[in-house]
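# Tertiary structure, described
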Amino acid sequence: MGPLIPNGVIPYEWNSIIAILIGIAFGFVLEASGFSSSRKLAGVFYGYDFAVLKVFFTAALVSLIGILYMDYLGYVDISQLYVHPTYLWGAIIGGAIMGVGFVAGGFCPGTSLCAVAIGKIDAIIYVIGIMIGIFIFSELYFIFQPIYDGSFLGNITLMDSFGVNRYWFVFIFTIIAIVVFVIADIIRKKQKKIFY
Amino acid sequence: MKIDTQKNSHMYWNPYFGGFLLGIIILFTFYMTGRGLGASGAMKSGVVALVDTVTPSHAEKNAYYSKFISEDDSPLNTWLVFEAIGVLIGAFLSGGLSGRIGWRTQHSPKITRKRRLVFALGGGILFGLGAQIARGCTSGAALSGMAVLSTGGFITMFAIFGTGFLVAYFFRKNWI
């Protein structure tokens, strides 16, 4: 019964080794999908390349459906999985700041690491920027703490928030994603091609 | 150079194939560790370790750094730091196999190299700040949060991409 390491099926000593192996797979897939290119990533905001949208939502759907199946078949206990906590205003304000950073810099942290690995100088500068941002946050923590710790709603899921049925939600979310993928292709055909 | 980059741009994987494999990786990560992936967490550990090395007393007094410092262990000994090392290796392998490795600054031909680097630095600062406020970035909060239907994960995802589309107009010169 999973998750394997917290339940002691795999000894804890393997944790760091598995972390590196998972990281290698993560980095390989991101880079091979073109996420080491800031111009490809930024394309989603201007309609000339929707790779971010397609990769991101396909990954979300595969993991969502996969977790439901693994729970249903008894391989993993869904109640033991870590649910990212909801700090309402932290998520909104932090997300909004990240959105501006994304369009300005053309990367997010994971993709910038991939670009650093293949020698992109803009990505190296971007990672230095991220570390400065974290440093600013930490030094001014007393200012940010009310947002950081405030409006805490717990480790809630959409089922808790809206009372939706898990399975129906994933089904409808899948349909929406497919429709969005089709619309994205229509929009992209109307934009002029950009080579990078 | 121009032909080279054009050829490279067609050598990426089909996005649905990449997305499918990424989903499998997230699934595997939850199956193994009970948690999702992350990226900005490793950089936070880096900053904490750096400050803790330069001025240990300052790091201990600060309410934020001190959360991640313990007496007998380095702040770098975390799952996400090992994962980030893996990401660097994996991306290097993929880039190497496709001939994409090399020192270069990628930017639109309409802007200068300097402008690209200034915006990269500013964007990075904002992303780093935002990722701390939201307790995670696109990987840790949005992607891994969505996999377990976390409300916060969905809100963060909508906030990132929603704001991105809202402000995209003001940064258009950098990209198109």
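Residues numbered from 1 in each chain as written. Chains lettered and ligands numbered in written order. Predicted model: local features only at pLDDT ≥ 70, side-chain atom pairs only at ≥ 80, totals over all residues. Heavy atoms only, no water.

### A closer look at the overall build of chain A
- On a plain count of helices and strands, chain A comes out with nine helices and two strands.
- What you see in chain A, going N to C, is helices and strands ordered as α-α-α-β-α-α-α-α-β-α-α.
- Counting only C-alpha atoms, chain A reaches 50 × 45 × 35 Å along its principal axes.
- In chain A, which comprises 196 residues, the share counted as buried stands at 58%.
- For chain A, the share of sequence-separated contacts (at least 6 apart) that also reach a separation of at least 24 residues comes to 65%.
- For chain A, the accessible area works out to roughly 8200 Å², and carbon and sulfur atoms hold 72% of it.
- Averaging the locations of the 10 positively and 10 negatively charged side chains of chain A gives two centres separated by 22 Å. (Helix = DSSP H or I, 4+ residues; strand = E, 2+ residues; numbered from the N terminus. Buried < 20%, exposed > 50% of the residue type's maximum accessible area, 1.4 Å probe, protein only. Contact = heavy atoms within 4.5 Å. Areas by Shrake-Rupley, 256 points an atom, 1.4 Å probe, with all protein chains shown as cover. Lys, Arg positive; Asp, Glu negative; His and termini not counted. Charge placed at Lys NZ, Arg CZ, Asp CG, Glu CD.)

### Focus: the domain arrangement of chain B
Residue and element names in this part refer to chain B.
- Each assigned domain of chain B is listed here: domain 1 (1–102) and domain 2 (105–176).
- For domain 1 and domain 2, the distance between their C-alpha centroids amounts to 16 Å.
- Contacts between domain 1 and domain 2 engage ten residues on the former and ten residues on the latter.
- Counting the surface lost from both domain 1 and domain 2, the interface buries some 680 Å², and carbon and sulfur atoms represent 66% of this. (Domains from an automatic or database assignment. Buried area = accessible area lost by both parts, 1.4 Å probe.)

### With respect to helix H7 (residues 141–149) of chain A
- Among the residues of H7(A), Tyr141(A), Phe144(A) and Tyr148(A) are the ones counted as buried. One side of H7(A) carries all its buried residues, which in axial view fall inside an arc of 75 degrees. Set apart from the buried face of H7(A) by more than 90 degrees, the exposed residues are Phe142(A) and Pro146(A).
- If you follow the buried residues of H7(A), they end up packed against strand S1 (86–87) and helix H6 (121–139) of chain A together with helix H6 (113–133) of chain B.
- Within two residues after H7(A), Ser151(A) carries a phi angle of roughly 45 degrees, on the positive side. (Arc of directions from axis to C-beta.)

### Things to note about the domain arrangement of chain A
Residues and elements named next belong to chain A.
- For chain A, the domain assignment lists domain 1 (1–82 + 164–196) and domain 2 (84–156).
- Of note, the centres of domain 1 and domain 2, computed from C-alpha atoms alone, are 20 Å apart.
- Across the boundary between the two partners, domain 1 contributes eleven residues, which contact 15 residues of domain 2.
- Carbon and sulfur atoms supply 71% of the area buried between domain 1 and domain 2, which totals about 1000 Å² over both sides.
- Three residues, Ser36, Phe45 and Tyr82, lead the burial of domain 1 against domain 2; their summed loss comes to 42% of the area buried on that side.

### Comments concerning the pattern of salt bridges
- On inspection of all chains with the given rule, the structure shows six salt bridges over all chains.
- A salt bridge links Glu31(A) to Arg100(B); its shortest N-O distance comes to 2.8 Å. Of this pair, Glu31(A) sits in helix H1 (residues 15–32) while Arg100(B) sits in the loop between helix H5 (79–97) and H6, placing the two residues on different chains.
- Residue Asp185(A) pairs with Lys54(A) through a salt bridge whose shortest N-O separation is 2.8 Å. Taken as a pair, Asp185(A) in helix H9 (residues 166–190) and Lys54(A) in helix H3 (residues 51–72) lie far apart in primary sequence, 131 residues in all.
- On the basis of relative accessibility, which here comes to 22%, the residue Asp185(A) falls in the partly exposed class.
- One connected set of salt bridges, linked through shared partners, spans Lys54(A), Asp185(A) and Arg188(A). (Salt bridge = Lys/Arg side-chain N within 4 Å of Asp/Glu carboxyl O.)

### Observations regarding unusual backbone geometry
- Residue Ser151(A) is not a glycine yet carries a positive backbone phi of 45 degrees.
- Within the secondary structure, Ser151(A) is located in the loop between H7 and strand S2 (152–154).
- Judged by relative accessible area, which is 31%, Ser151(A) ranks as partly exposed.
- Despite not being glycine, Arg135(B) has its phi angle at roughly 60 degrees, a positive value.
- With respect to the secondary-structure elements, Arg135(B) resides in the loop between H6 and helix H7 (138–147).
- A relative accessible area of 25% places Arg135(B) in the partly exposed class.

### What to know about the interface of chain A and chain B
- Between chain A and chain B, the contact holds 123 residues from the first and 119 residues from the second.
- Across the chain A to chain B interface the summed buried area is about 11000 Å²; carbon plus sulfur atoms make up 76%.
- For the chain A face of the interface with chain B, the top three residues by lost area are Phe26(A), His84(A) and Met98(A), together amounting to 7%.
- Put simply, chain A and chain B have 43 residue pairs in polar contact (both at pLDDT 80 or more) between them.
- Tallying contributions element by element places H6(A) first for the side of chain A that touches chain B, with 17 residues.
- A per-class count over the side of chain A that touches chain B returns 82 nonpolar, 31 polar and ten charged. (Polar contact = N/O pair within 3.5 Å; in protein donor to acceptor, adjacent residues only side chain to side chain. Nonpolar A, V, L, I, M, F, W, Y, C, P; charged D, E, K, R; others polar.)

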